[in-house]
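# Architecture and fold: a report
Here is what each chain is made of, one letter per residue.
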Amino acid sequence: MKRYLIPALLALALAAACAKPVSPQEKLSANDARIDEIIAQMTLEEKVEMLHSKTNMSSAGVERLGIADINYADGPFGIREEGQPNGFMSAGWTLDSATYFPTGSALAATWSEDLAYKYGTGMGQEARLRGKDVILGPAVNIQRLPVGGRTYEYLSEDPILSAALALYYTKGVQDQGTAVCIKHFAVNNQETSRGSVDVQIDERTLREIYLKPFERAIVEGGAMSVMPAYNKVNGDYCSENEHLLNEILRGEWGFRGMTVSDWGGTHSTMGAMLHGLNVQMTGSNYLGQPVIDSIAAGALTEDLVNEKVRQILRVRFAVEPVPADVANTRMTSQPESQRIAREVAEKSIVLLKNDGILPVGPDVKKIAVIGQNAVLKTQSGGMGAGVKALYEVTPLEGIRARAGEGVEVTYAPGYKNYPGFRWGPVPAEPDPLEAAAINEPADPALLAEAVALAREADLVLFFGGTNKSIETEGSDRKDIKLPCGQETLVQALYAANPNLATVLVSGGPTDLQVLEPVSPAIVQGWWNGTEGGTALAEVLFGDIAPSGKLPFTFPVKLEDSPAYALGNFPGNSAGGDLFTLMFRPDVLKMTPAERQALIDALPKPVSQYTERFYVGYRWFDTKEIKPMFAFGHGLSYVTFGYDRLKASVSGRKVKVTFRLTNEGEMEADEVVQLYVRRIDSSVEWPAKELKAFKRVTLKAGECRKVSLEIPFEDLRYWNEETGAWDLEHGKLQLLLGAASDDIRQTAEVTI
Ligand code: BGC
């Protein structure tokens, strides 16, 4: 008996060892046999019901066969409050207050895969409490433009950093039994004319820069659903883009799940059906009755419908529906998620500059907090990414709580807040603290009040930046200037009291040419979630060392950045801005025909990406343009020593080890960054590219051996001639450092 068993076991073990592991996407097919049985029982009408919205935030199941509807929730920074079935207006629920997590650029500033994972778990768990199956996020488009309305939603200007965070966010969400709907696929880098703009981009740039975050989250992370973007790419709308959806997503990446158009982003029946869309959100004018009619007319087949339903049901089967009597029985925001939001916020804050004024010392007995951004809540606004938070600690509240007895904290608004476009009725009495125009000059009375407080204080904390009306979905900023006379104000404050630190509360970069010379310390504080004020106070008072690093470049001036320098933005990319209003029936009543007529009458905006892969620091470094603050920059209250760099090539990886030392007197984190420069290359490359990074925590005085790896896959380029990935063999210079402009050690390897 045993004689036979042993070879059989060996054979089995060998087979298991040789078998190709099942990929995350292949796992989605686990229930295909059962799914096909269900499809066989469905009528054509039932199938087509699944291809479009049922309500504003759901698509239909088949009750008769026990298939639950699919419930969606925005994303990406908190489970959005419950809306009316037919639109985004509040449903007026009381248990739907969620945890407001730090926004995208803040998460990215942590450069932490661990935190991205935890963030995903918090989002995934809160989605379950609300009975939601799919989170409309993460939003992982590359931050191409400093003015981008959704820069704060997106992660980084760099594909490697964005891809790592997108992957771990995805895993975190999906490990909780909730699906992500990664968005906006693809190249949705501007809000200007987003509903009609045609992005003209070369294949290499598309692959190496703009698709990377999607690719990793989908291939390695098994993202179950994908949201095609509003814009066109090389001539075709993303929701009916053969190249993006059928060739790359399903063909090359093996995607088995479903695609869900952005809200109002479906444009035709045949285009969407033939070129890769599963669900029209919202409406049924394309993927409803017209599908049935097209089948009757012989233009489409029922097999195609079956295939789409199969892809949708894979997601439905992978995500267990939350029973109706369990969902929404507890408050959405839970302490565990609040703790995660705080940890992310703590590690996201970037110390841009410090002449020694921070942390706040024990001799500071009176602090003047100046600026409305210290008291404005940032949870709501910005359209889809707004959150009804259970609570939000503002910077002023955080500072007051931390300062405690014995330290007086005074406050003055200093400048007017720009409320932006008003969706509701205009108030009869204008609010004296609201500006009529974004570039309204400093208000003399507010300025005088603020200067008086500054003069009496030991330390001035100036809170500047933007707000969620200025940086918002639906429009891009016109420039990156600080609004509402903030520059005049900070100059006056500094003249009154040079013990001044600035905290920038914004999602994207701002122009600091005026502010920087009058700010001995500058902190990028972000829109930092439910516990943002607590985290900020901990950093300002030195309870923890700041450890965030910029996920994007702060240009000296807007015109330095690539799309501007080349005249690509706004260029001919403006003209279709009616879009946001057009697809919102709750805002503007319009029939599909009227809407189409309006779209047809609009100019046809085009966005040229001739800067190619020279996005962000790739441009600044290659052109040798000095930024205000470089990609990857971020100071601490300690300094770190880098030495003993060793580099080698082993297997299909470049490996480095080095010693990192915390030279300071408190525990602190450092984000170590490894860039690659090509030597004697025959292929065109930017001056350098980020290829690996790691967040390391070291106690005071501690030193540790740190290792980093670059898989060869990440060193490849997209060869336009062969239409495939290629590895260029030759010499690489490895640049190890604390920022893209702070390289500490270099080494060379040959691959
Ligand atoms: C946004 C998406 C969002 C959707 C639903 C759209 O306007 O572009 O990111 O998920 O609305 O709110």
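Residues numbered from 1 in each chain as written. Predicted model: local features only at pLDDT ≥ 70, side-chain atom pairs only at ≥ 80, totals over all residues. Heavy atoms only, no water.

## Concerning the overall build of the protein
Regarding its fold elements, the protein presents 22 helices and 26 strands. Taking 2.2 N^0.38 as the reference for a compact globule, 751 residues should give roughly 27 Å; the C-alpha atoms of the protein span a radius of gyration of 26 Å, in line with that estimate. Burial statistics for the protein: of 751 residues in total, 61% are counted as buried. Within the protein, contacts between residues at least 6 apart in sequence are counted, and of these 78% link residues at least 24 apart. Between the averaged position of the 75 positive side-chain charges in the protein and that of its 96 negative side-chain charges there is a distance of 5 Å. (Helix = DSSP H or I, 4+ residues; strand = E, 2+ residues; numbered from the N terminus. Rg over C-alpha atoms; globule rule 2.2 N^0.38 Å. Buried < 20%, exposed > 50% of the residue type's maximum accessible area, 1.4 Å probe, protein only. Contact = heavy atoms within 4.5 Å. Lys, Arg positive; Asp, Glu negative; His and termini not counted. Charge placed at Lys NZ, Arg CZ, Asp CG, Glu CD.)

## Examining the domain arrangement of the protein
For the protein, the domain assignment lists domain 1 (7-74 + 110-318), domain 2 (340-552) and domain 3 (637-750). When each unit is reduced to the centre of its C-alpha atoms, the spacing between domain 2 and domain 3 is 34 Å. If you look at the interface, domain 2 gives 15 residues, while domain 3 gives ten residues. Along the contact surface separating domain 2 from domain 3 lie two salt bridges. A salt bridge links Lys-347 to Asp-669, with the nearest nitrogen and oxygen atoms 3.0 Å apart. Linking domain 2 to domain 3 there are six residue pairs in polar contact (both at pLDDT 80 or more). Of all elements in the fold, only strand E11 (350-354) and helix H18 (532-540) reach the threshold of two or more residues within the side of domain 2 that touches domain 3. Of the residues in the side of domain 2 that touches domain 3, the class split is eight nonpolar, four polar and three charged. (Domains from an automatic or database assignment. Salt bridge = Lys/Arg side-chain N within 4 Å of Asp/Glu carboxyl O. Polar contact = N/O pair within 3.5 Å; in protein donor to acceptor, adjacent residues only side chain to side chain. Nonpolar A, V, L, I, M, F, W, Y, C, P; charged D, E, K, R; others polar.)

## A word on unusual backbone geometry
Most peptide bonds are trans, and most residues other than glycine sit at a negative phi. Residue His-184 is reached from Lys-183 by a cis peptide bond, and omega for that bond is -5°. Examined against the element boundaries, His-184 turns out to sit in strand E5 (residues 179-185). Cis peptide bonds are those with omega within 30 degrees of zero, and the linkage from Leu-358 to Pro-359 qualifies with 0°. Inspection of the secondary structure puts Pro-359 in the loop between E11 and strand E12 (366-370). One non-glycine residue, Trp-111, adopts positive backbone phi at about 50°. Within the element layout of this structure, Trp-111 appears in the loop between helix H5 (104-109) and helix H6 (113-129). The phi dihedral of Asp-680 is positive, around 50°, even though this residue is not glycine.

## Focus: the sheet that holds strand E1 (residues 53-55)
Pairing within the open sheet is mixed, and its seven strands lie in the order E1-E2-E3-E4-E5-E7-E10. The open sheet has two edge strands, E1 and strand E10 (258-259), and neither has a second partner. Relative to E5, strand E4 (residues 134-136) runs parallel, the two being bridged by two bridges. Opposite Val-134, over in E5, you have Ala-179 as the bridge partner. Against the sheet, helix H7 (residues 159-174) makes contact with E4 and E5, and its axis sits at roughly 150° relative to E5, the strand it touches most. (Pairing = 2+ DSSP bridges. Axes fitted to C-alpha atoms, helices over the stretch in contact; angles between N-to-C directions.)

## A look at the environment of Gln-200
Mapped onto the elements, Gln-200 comes out in strand E6 (residues 198-200). Remark: the alpha-carbon pair of Gln-200 and Val-539, spanning 339 residues in sequence, is separated by 43 Å. Leaving out residues up to four positions away in the same chain, Gln-200 has contacts with Asn-234, Gly-235, Val-606, Ser-607, Gln-608 and Tyr-609. Looking at Gln-200, its side chain comes within polar contact range of the side chain of Asp-198, at 2.9 Å.

## Some points on the pattern of salt bridges
Considering all chains together, one arrives at 52 salt bridges under this definition. Linking Glu-346 and Arg-342 is a salt bridge whose minimum nitrogen-to-oxygen distance equals 3.3 Å. Placement of the pair is Glu-346 and Arg-342 together in helix H14 (residues 335-348), with a separation of four residues, close to one helical turn. Overall, Glu-346 belongs to the buried group, its relative accessible area being 14%. Among the residues examined, Arg-342 registers a relative accessible area of 30% and is labelled partly exposed. One connected set of salt bridges, linked through shared partners, spans Arg-150, Glu-153, Glu-191, Arg-194 and Glu-473.

## Thoughts on the site of the ligand
The ligand sits among 16 residues. The nearest are Asp-74, Arg-150, His-184, Asp-262 and Glu-473. Asp-74 is positioned with one of its side-chain polar atoms (N or O) 2.4 Å from an oxygen atom of the ligand. Here His-184 contributes a side-chain N or O atom positioned 2.8 Å from an oxygen atom of the ligand. Contact with the protein chains hides 100% of the accessible area of the ligand, taken as 310 Å² for the molecule alone. Class assignment for the residues of the shell around the ligand results in seven nonpolar, one polar and eight charged. (Near = heavy atom within 4 Å. Areas by Shrake-Rupley, 256 points an atom, 1.4 Å probe, with all protein chains shown as cover.)

## Focus on the packing of aromatic side chains
Within this structure, the stated rule accounts for 21 aromatic pairs. Arranged with centres 5.7 Å apart and planes meeting at 70°, the rings of Tyr-564 and Phe-569 form a pair that is edge-to-face. Of the two residues, Tyr-564 and Phe-569, neither departs from the other in class, the shared state being buried. Relative to Phe-631, the ring of Tyr-617 lies with its centre 4.4 Å away and its plane at 15°, an arrangement referred to as stacked. With Tyr-617 in helix H22 (residues 617-623) and Phe-631 in the loop between H22 and strand E18 (640-650), this pair connects stretches of sequence that are 14 residues apart. Residue Phe-631 is classed as buried on the basis of its relative accessible area, which comes to 0%. Here the aromatic cluster, defined as three or more aromatic residues joined through ring pairs, consists of Trp-111, Tyr-617, Phe-631, Tyr-675 and Phe-693. Over the face of the ring belonging to Trp-685 we find Arg-204, whose NZ or CZ atom lies 4.9 Å from the ring centre. The lysine or arginine in question, Arg-678, covers the ring of Trp-685, its NZ or CZ lying 3.5 Å from the ring centre. (Phe/Tyr/Trp six-rings, centres within 6.5 Å; stacked < 30°, edge-to-face > 60°. Lys NZ or Arg CZ within 6 Å of the ring centre and 35° of its normal.)

## A closer look at the sheet that holds strand E19 (residues 653-662)
Where strands meet in a sheet, backbone hydrogen bonds hold them as pairs that are either parallel or antiparallel. Pairing in this open sheet of three strands is antiparallel, and the strands run E18-E19-E22 from one edge to the other. Sheet topology places E18 and strand E22 (703-711) at the edges, where each strand pairs with a single neighbour. Taken over all neighbouring pairs, the strand axes of this sheet differ in orientation by 20° on average, direction set aside. Here nine bridges tie E19 to E22, and the two strands are oriented antiparallel to one another. Across the sheet, Thr-657 pairs through a bridge with Ser-707, a residue of E22.

## Remarks on H14
Between its first and last C-alpha, H14 extends 20 Å over 14 residues, near the 20 Å set by a 1.5 Å rise per residue. Where H14 is buried, its residues contact H5, H6, E11 and H18. (Expected span 1.5 Å × (residues − 1).)

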